[in-house]
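Residues per chain are reported as follows:
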Amino acid sequence: MSSPALSTAARLRAALPDWLNDPKVWRTEILGGLVVALALIPEAISFSIIAGVDPAVGLFASFTMAVTIAFVGGRRAMISAATGAVALVIAPLNREHGFGYLVAAVLLAGVFQIVFGVLGVAKLMRFVPRSVMVGFVNSLALLVFMAQVPEMRDVPWPVYPMIVAGLALMVFFPKVTTVIPAPLVSLVILTVITVAAGIAVPTVGDRGELPSSLPVPGLPDVPFTMDTLTTVAPYALAMALVGLMESLMTAKLVDDITDTHSSKTRESIGQGVANIVTGFFGGMGGCAVIGQTMINVKVSGARTRLSTFLAGAFLMVLCIVFGPVVSDIPMAALVAVMIMVSVAAFDWHSIAPKTLRRMPAGETGVMVITVVFVLTTHNLAVGVVVGTVTAMVIFARRVAHLAEVTAVADPDGTSVVYRVTGELFFASSNDIVGRFDYSGDPDHVVIDLSSAHVWDASSVAALDAVETRYAQRGKTVEITGLNEPSARLHDKLSGELVGGH
């Protein structure tokens, strides 16, 4: 007979996810988290410089963002940390008003993101076309690569063979074994060679001093007044929108890679909670990071929240406990890792000649426009918005041409039937007004809409305009075949629209 203690333990094991009992998963998640933590250090320091704050601020933000989002986020295995997009948004606020205002903006941005999540803003992701997603992925890959270019300029010559060696290790080591992530092997080997041979190359330690203690929570040092709120709010709103967009797009990308679904609403709220926690610990805020997420998901093969949590935890352990060792990691090794990430993330199929020949020109154009605007502005949100609007305009023009008007005269000449087919909305409805023979038609005109759908007020106004033109010539119009939604909209708005007659 089993003891109560054993029964309780068995129940606990049954309640836990299956992967907790799988040593292979633990190994993958732990090693993935470690590689991500190493890759986060130089980027967090770089983003701190962009924002104009101490390097520790970016490292603290990456630590708190990753650890918090591991529990409250909606997308497993996605990494959130300090990012360049957020740093660019809040840098002017820090420069003009000081660090206290920056922290206040991070806290308020978190509140905004929670509100957006509750309001269901995440559901707008369904309106982002595939061509924009491809442009987003390709532009991110290019941005990741471009961020490595400065690390290859005006550096000692050993940097270049080290980068090549790092890339070679990551390409060929997986052919030997995949038990240990190739990026981690590359980092360890290149660091050992650099230290043992005394090779003078830029290292992580050259980017800034690593923190020696954990962050302490507290409120921002600002006056809690309406003036402060009005100063901070525009930056907080911009940060919230940019952070959400980048996070949700990255989440959707991971969904596609892993063939799993994630809650975008929970992710939106989770990003807000993570930024509030980060603000209380004096961090610069952040969102999902595509480069480290690709390292975790695509390169290391991580799939659970454990890797996300450990990425943040290892980051602080590496900085506080193993600071001197981490400082000796050559930047060339990390550059090689990020180049490999950019190559893996880029959708090479999208620019293959065979694909370009088959893909509609509009789809390819939207992808290119998205990439161009992201690379020009270094702002993912701008590229996604411009790309999505462009795709909508192209779609509207394409659908508008599908609306057709065909006339069928009655044999006795007393009436004429116009059969309208297609989707009637603002882009197509205005064109149909000129498709009728107002002077030559008989006194009774029938407009058959059984093969059409009325979508908006513009279409109702266009139908009113047709009726008015016929009425001015003493002729009557009968509209038939409206489906239920179209009839409801037409009955509600017909005759009520200013300028419709």
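So, here's what we can say about the structure. (Residues numbered from 1 in each chain as written. Predicted model: local features only at pLDDT ≥ 70, side-chain atom pairs only at ≥ 80, totals over all residues. Heavy atoms only, no water.)

### Thoughts on the sheet that holds strand S3 (residues 404-409)
The criterion, for reference: One requirement defines pairing of two strands: DSSP has to find at least two bridges between them. In DSSP terms, a helix is any run of H or I states spanning at least four residues, a strand is any run of E spanning at least two, and both are numbered starting from the N terminus. Axis lines are fitted through C-alpha atoms, for helices just across the contact stretch, and the angle between N-to-C directions can take any value from 0 to 180 degrees. Contacts are residue-level and defined by heavy atoms, with any inter-residue pair within 4.5 Å sufficient.
Pairing in this open sheet of four strands is mixed, and the strands run S3-S4-S5-S6 from one edge to the other. Two strands bound the open sheet, and with one partner strand each, they are S3 and strand S6 (476-480). When the angles between neighbouring strand axes are averaged without regard to direction, this sheet yields 20°. The pairing of strand S5 (residues 444-454) with S6 spans five bridges and is classified as parallel. Looking at the pairing, valine 446 lines up with glutamate 478 of S6. Contacts from helix H19 (residues 457-471) reach strand S4 (415-424), S5 and S6 within the one sheet, and its direction differs from that of S5 by about 170°.

### Thoughts on the packing of helix H3 (residues 55-72) against helix H12 (residues 305-320)
Applicable threshold: Here roughly perpendicular refers to angles of 65 to 115 degrees, roughly parallel to angles under 35, roughly antiparallel to angles over 145, and oblique to all remaining angles. For any pair of crossing helices, the crossing counts as left-handed if the nearer helix is rotated counterclockwise from the farther one by less than a right angle, and right-handed if it is rotated clockwise.
Contact geometry for H3 and H12: axes closest at 8 Å, N-to-C directions at 155°. Taken together, H3 and H12 sit at an angle that is classed as roughly antiparallel. Here H3 runs over H12; the crossing is left-handed. Taken together, the residues of H12 that come into contact with H3 (itself represented by Leu59, Phe60, Ser62, Phe63, Ala66, Val67, Ile69, Ala70 and Phe71) are Arg305, Thr308, Phe309, Gly312, Ala313, Leu315, Met316 and Cys319.

### Some remarks on the pattern of salt bridges
For side chains bearing opposite charge, pairing can occur when the charged atoms are close. Our working definition: Any carboxyl oxygen of Asp or Glu within 4 Å of a side-chain nitrogen of Lys or Arg constitutes a salt bridge here. Throughout this description, buried means an accessible area under 20% of the type-specific maximum (1.4 Å probe, protein chains only), exposed means over 50%, and partly exposed covers the range between.
One pass over the structure, following the stated rule, counts five salt bridges. A salt bridge links lysine 264 to aspartate 255; its shortest N-O distance comes to 2.5 Å. Lysine 264 sits in the buried class, given a relative accessible area of 14%. Judged by relative accessible area, which is 9%, aspartate 255 ranks as buried. The shortest N-O distance in the salt bridge between arginine 419 and aspartate 448 comes to 3.1 Å. Here aspartate 448 lies in strand S5 and arginine 419 lies in strand S4, a separation of 29 residues in the sequence. In this structure, a network of salt bridges that share partners links the residues Arg75, Asp255 and Lys264.

### Some details on the environment of glycine 285
Following the sequence through the fold, glycine 285 ends up in the loop between helix H10 (264-280) and strand S2 (287-288). Residue glycine 285 is classed as buried on the basis of its relative accessible area, which comes to 0%. Along the backbone, glycine 285 and valine 103 are 182 residues apart, and their C-alpha atoms lie at a distance of 8.0 Å. Glycine 285 has contacts with Ala61, Ala81, Ala82, Val86, Val106, Met239, Asn275 and Thr278, leaving out every residue within four places of it along the chain.

### Structural notes on helix H8 (residues 182-197)
As a reminder of what qualifies: Take the residue count of a helix, subtract one, and multiply by 1.5 Å to get its expected span.
Along its 16 residues, H8 runs 22 Å from first to last C-alpha, staying within 8% of the 22 Å computed at 1.5 Å per residue. For H8, the set of buried residues is Ala182, Pro183, Leu184, Val185, Ser186, Leu187, Leu190, Thr191 and Thr194. Next to the buried residues of H8 lie helix H2 (23-51), helix H7 (159-176), helix H11 (290-299) and helix H14 (331-345). Directly after H8, the chain includes glycine 198, whose backbone phi takes a positive value near 65°.

### Describing the nonpolar core
Basically, it comes down to this: Nonpolar core, defined: a set of buried Ala, Val, Leu, Ile, Met, Phe, Trp, Tyr and Cys residues in which side-chain atoms within 4.5 Å join the residues together.
Judged by nonpolar contacts, the single largest core of 77 residues is most densely connected at Ile41, Leu59, Ile295 and Leu315. Here the element with the most residues in this core is H14; it accounts for twelve residues. For isoleucine 295, the contacting residues outside a window of four places in its chain are Val35, Val36, Ala39, Ser300, Val337, Met338 and Val341. If you look at the next biggest cluster of nonpolar residues, it comprises 31 residues, including Val103, Val222, Met239 and Leu244.

### Considering the environment of arginine 75
Note the threshold: Counting of polar contacts relies on pairs of N or O atoms within 3.5 Å, with two restrictions inside protein: one atom must be capable of donating a hydrogen and the other of accepting it, and residues adjacent in sequence are counted only when both atoms are side-chain atoms.
Here arginine 75 is to be found in the loop between H3 and strand S1 (80-81). Relative accessible area serves as the criterion here: at 5%, arginine 75 is assigned to the buried category. Note: C-alpha distance between arginine 75 and leucine 248 (173 residues apart in sequence) is 9.2 Å. Apart from residues lying up to four places away in sequence, arginine 75 is in contact with Ala251, Val254, Asp255, Thr258, Thr260, His261, Ser262 and Glu267. Engagement of the side chain of arginine 75 in a polar contact is seen with the side chain of threonine 260, the distance being 2.9 Å.

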